[in-house]
Each structure stands twice: as structure tokens, then as C-alpha cells.
Amino acid sequence: MNRFIFAIAFALAAIFAPLAGMAQEAVIAIVNDHPITSFDVDQRIRLMGLLGTNDPARLQRKVVLNNLIDDFVKIDEAKLLKIDPTEKDLEDRMGNIAQALKTDRAGLGSKLTGLGLSATAILQYSAAQISFSRLLQVKYHVRDARTLIGFFAGSLSFGLSPPPSSPGPRESGRVRG
């Protein structure tokens, strides 16, 4: 009897073990024909940790999923307007990120690998940032989108810092009497 139960348990484990791996790859959202999987969310959470985000509210799965959805919308809109980032733009951004993390490109690659991050995760993140900057410049005629990037995208805008002479978001809305 015990051997029979063990055999059934073993058979069920063999059947359902591959499904556990598939659950990690389950599509949880689709944005303009781009599937977003649980793996993508996990990758973004790891990436945000690498880039210095320690705020638990910004690392919640639902928040990260919404950020990924927003990123695909930004990238697709930039492609539609033919202002999407080039390979050189992305290479430059990767260099900026490596420099901000006080390493070189090879060191950045090692950090990514050590954290189990794919290069795709950081390239997609960078493409969304560049796309958003260009969208602000084209659609809203913002001369220097760097100021708004910091306001809308938070503090993770590597290579895009507001000009020193421009007021911060709080100062610009103040009424002076």
C-alpha cells in the first residue's frame, strides 16, 4: 500500500513539475501584442534593486507590472513617430548606467549576470526612458525634457539630469507675492 501511494505521488510530481516552471513564464499581461510574463516582472524588480531602488512600494509586483506596461506604451508610441532609440543610443545609455554604478561595460555585464538579470531587461528599461524623453520633446514641445523626466520617471534617469539653472518641480509651481 505504501509503495502504491509513493508511486502515485512520484507520478503526479513528474507530471506537475514542468508546470511549476511554466508558471514562472506565464503571460500576465499583453500590451500592443507584447506579452509580459512573471519572469519579466521578476527581472524588473532585480533591475530596480541594482539601480538603487529600495522603496518597497516601488518594488511591489503590481507597481512593477504597471511600469512595464507603461514602458511598452512609450516604446511603441516612439516607434510610431519614428523617434525610437537607435542601437547607439542604447549603447550610450548602457555606458551611462555603468558609469553611474562606478564600473565599466564589462563590469555591468558581470553585475547583471551575478544578479540573474538578462541584458534584455536593462535594454528595454533604457529604451523606454529614451522614448519617453523624445516623446515629451516632440509631442509637448518641451525644449529640455530632462527636467520633466526626473519629475515623471523618478530618480532613475541615468544620463538625464536636470540643468543646474532650472527650478525643481516644487519651486516652479510656487506663487511669489
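A short tour of the structure in this document, coming up.

## Examining the pattern of salt bridges
Pairing between side chains of opposite charge can happen when their charged atoms approach one another. Within the structure shown, the criterion is met by seven salt bridges. The closest approach of N and O atoms between Asp92 and Lys88, which form a salt bridge, is 3.0 Å. Pair noted here: Asp92 and Lys88 are both in helix α4 (residues 87-100), with a separation of four residues, about one helical turn. In this structure Asp92 comes out as partly exposed when scored by relative accessible area, which is 39%. On the basis of relative accessibility, which here comes to 56%, the residue Lys88 falls in the exposed class. With a closest N to O distance of 2.6 Å, Glu91 and Arg105 form a salt bridge. Note that Glu91 is positioned in helix α4 and Arg105 in helix α5 (residues 105-114), a separation of 14 residues in sequence. Residues participating in the shared-partner salt-bridge network are Arg44, Asp71 and Lys74.

Rules used throughout
- Going along each chain's sequence as written, the residues are numbered from 1 onward.
- It should be noted that, the model being predicted, local features are given only for residues of pLDDT at least 70 and side-chain atom pairs only at 80 or more, the latter also being counted only at that level, while totals for whole chains, interfaces and linings use all residues.
- Remark: hydrogens and water are excluded; side-chain values derive from all non-hydrogen atoms of the structure.
- Salt bridge, as applied in this entry: a Lys or Arg side-chain nitrogen positioned within 4 Å of an Asp or Glu carboxyl oxygen.
- Strands here are runs of E lasting at least two residues and helices are runs of H or I lasting at least four, both read from the DSSP assignment and numbered beginning at the N terminus.
- Whether a residue is buried, partly exposed or exposed follows from its accessible area with a 1.4 Å probe, protein chains only, as a fraction of its type maximum: under 20%, in between, or over 50%, in that order.

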